[in-house]
Every structure is written in C-alpha cells, then in structure tokens.
Amino acid sequence: GAVVSQHPSWVICKSGTSVKIECRSLDFQATTMFWYRQFPKQSLMLMATSNEGSKATYEQGVEKDKFLINHASLTLSTLTVTSAHPEDSSFYICSALMQGPAGELFFGEGSRLTVL
Amino acid sequence: KQEVTQIPAALSVPEGENLVLNCSFTDSAIYNLQWFRQDPGKGLTSLLLIQSSQREQTSGRLNASLDKSSGRSTLYIAASQPGDSATYLCAVRPSKTSGSRLTFGEGTQLTVNP
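Figured I'd write up the structure that's included with this text.

Conventions used here
- Residues numbered from 1 in each chain as written.
- Chains lettered and ligands numbered in written order.
- Predicted model: local features only at pLDDT ≥ 70, side-chain atom pairs only at ≥ 80, totals over all residues.
- Heavy atoms only, no water.
- Buried < 20%, exposed > 50% of the residue type's maximum accessible area, 1.4 Å probe, protein only.
- Helix = DSSP H or I, 4+ residues; strand = E, 2+ residues; numbered from the N terminus.
- Pairing = 2+ DSSP bridges.
- 1 Å grid on protein atoms, 1.4 Å probe; cavity = no way out; pocket = protein on both sides within 12 Å on 5 of 7 lines; lining within 4 Å.
- Points joined across faces, edges and corners; volume = space filled by probe spheres on them.
- Nonpolar A, V, L, I, M, F, W, Y, C, P; charged D, E, K, R; others polar.
- Salt bridge = Lys/Arg side-chain N within 4 Å of Asp/Glu carboxyl O.
- Contact = heavy atoms within 4.5 Å.
- Buried area = accessible area lost by both parts, 1.4 Å probe.
- Polar contact = N/O pair within 3.5 Å; in protein donor to acceptor, adjacent residues only side chain to side chain.

1. Some words on the pairing of strand E9 (residues 86–93) of chain B
Residue and element names in this part refer to chain B.
Next, step 1: Most of E9 sits inside the fold, with seven of its eight residues counted as buried.
Next, step 2: Looking at chain direction, strand E4 (residues 32–38) and E9 are connected through seven bridges and run antiparallel. Each residue of the ladder has a partner; that of Asn-32, found in E9, is Arg-93.
Next, step 3: Of the pairings in the sheet, the one linking E9 to strand E11 (residues 108–113) comprises three bridges and is antiparallel in character. Each bridged residue has a counterpart across the sheet, and for Thr-87 the counterpart in E11 is Gln-109.

Structure, rendered in structure tokens:
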C-alpha cells in the first residue's frame, strides 16, 4: 500500500514549548489529510481536516490556536502544538486521502508526545 | 449520526483457528468501508477497502464482506497466526467528498496464542 511518513515518532518537550509534527505522503498526492489524537486503549479522535492550500477545519472542542495545522503542499501537512502542557501529552496520528475514486485512507506511524 | 460498533471487543484464540470479526453501522448510506490493523504504539495499517457497490474483498488470508443494506461487515481471518495479534478497526466513510470523515468502531483486540 501507499506510504505515509510521520516525524518525529516520539518527542519529549518541556511545558510551554512548541512542537511540530510532520506528515508526508511519500508516493501519492493528498489534497486532504486528517489529524487524530488517540488516548490509551481508546479509538481515534479526529482533531481536524487539513486541506492543501486552505485553512484547516477543526472539530468541535479542538482549539485552533493551540493546534496549528498547515498543509502547504500536496504531500505535506504539519501539526504544531503550541505552548504545550502535560495534558497535551498523547499519541497523534495523521492520515492522507489518496486522490481518486477509491477514496482510500493511509495512516502514518503516529507521534508520541510527552510534555514534562 | 453514524455509529459504528465492533463485536467482540476482545478475542483470544489458539494459533491456526479461523475467526470472524464483526462490524456494524447504523447509517447504510456509506461510500466505502475500510478495515485497519493497529499494533501497540503504532499507526494504522490499511488491510482492505470495500466500496459500497462491492460485496467482498480478499487479500491473502483476509476476507472482508459488506452487506450495506443490513449495515454489516465482517473480517474473516483464516489460519490465524501469533503475528496477527493486534487491534482491528473498521471505519466507514459517508461520501465521496474529500473532506468526509471516517467514523471508526472501537476496535477488536485480537490475541492469537502460539
């Protein structure tokens, strides 16, 4: 299947700092990418839909100033957790929608964020 | 609002058994359904994608069926192996629109014992 690369796979940061997570579709173009958050032993929670060249669409309850999303090209979306706090510690996963009629989604490997 | 349910929540089987994982959804107006596998601490791996017009898809030892009218899908795993141990998630996509969001089930945690 198609490959979506997420980087970094894990990051530890101090409270108050900002952290950027990258999501790249390596072998296909994706006009739409999705960012999820996952808590232990729970399913994925959609945070926002990232659209190439336009503003992201955030789910209810997700602070757009806290979680900045940029989708500057057809193969790259970034999530920046600004002024991170311990409650932001979580597993963040991106997915990319392959263009075409099939509408198949491919996921990255996830990024484990720990805020001290 | 679409709701996706997966039964059972957890399943433990001996190696070699054939098994079936179930997924049901409340709104039959879907574009496609996807089965994923998630290993602990990892992202999701796409296993099978079934379009709404299809009845089943096969890949190796995996076979997924879709009965859209009854709102059900099953994932059949033949001759299970310890390496199949993971959480299996099904997700439905409501429409062809690029921004349409997947609705996930809570997953079935599968353990295959050697």
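2. As for the layout of surface pockets
Next, step 1: The computed volume of the largest pocket comes to approximately 510 Å³.
Next, step 2: If you trace the largest pocket, you find 23 residues lining it, with Gln38(A), Lys41(A), Gln42(A), Gln38(B) and Thr87(B) closest to the centre.
Next, step 3: For the lining of the largest pocket, the secondary structure elements donating two or more residues are E9 and E11 of chain B.
Next, step 4: The space that makes up the second largest pocket amounts to roughly 390 Å³.
Next, step 5: As for the second largest pocket, its lining consists of 16 residues, and the residues nearest its centre are Lys1(B), Gln2(B), Leu102(B), Thr103(B) and Phe104(B).
Next, step 6: Among the secondary structure elements, those contributing two or more residues to the lining of the second largest pocket are strand E5 (44–51) of chain A together with strand E10 (103–104) of chain B.
Next, step 7: The class makeup of the residues in the lining of the second largest pocket is seven nonpolar, four polar and five charged.

3. Re the pattern of salt bridges
Next, step 1: Inspection of the entire model under this criterion finds five salt bridges over all chains.
Next, step 2: The partner of Arg101(B) in a salt bridge is Glu59(A), with the nearest N and O atoms 2.9 Å apart. Of this pair, Arg101(B) sits in the loop between E9 and E10 while Glu59(A) sits in the loop between strand E6 (57–58) and strand E7 (67–73), placing the two residues on different chains.
Next, step 3: We classify Arg101(B) as partly exposed; its relative accessible area is 37%.
Next, step 4: When the shortest N-O distance is used, the salt bridge between Asp39(B) and Arg37(B) registers 3.0 Å.

4. As for the interface of chain A and chain B
Quite often, the size of an interface is put as the accessible area lost when its parts meet.
Next, step 1: At the junction of the two partners, chain A supplies 24 residues and chain B supplies 22 residues.
Next, step 2: Summing both partners gives a buried area of about 1,700 Å² for chain A against chain B, and 51% of it is carried by carbon and sulfur.
Next, step 3: It is Ser43(A), Phe107(A) and Glu109(A) that lose the most area in chain A upon contact with chain B, and together they represent 25% of the buried surface on that side.
Next, step 4: Where chain A packs against chain B, one counts one salt bridge.
Next, step 5: Across the chain A-chain B interface, the total number found is six residue pairs in polar contact (both at pLDDT 80 or more).
Next, step 6: Of all elements in the fold, only strand E4 (32–38), E5, strand E9 (90–97) and strand E10 (105–107) of chain A reach the threshold of two or more residues within the side of chain A that touches chain B.
Next, step 7: The element contributing the most residues to the side of chain A that touches chain B is E4(A), with four residues.

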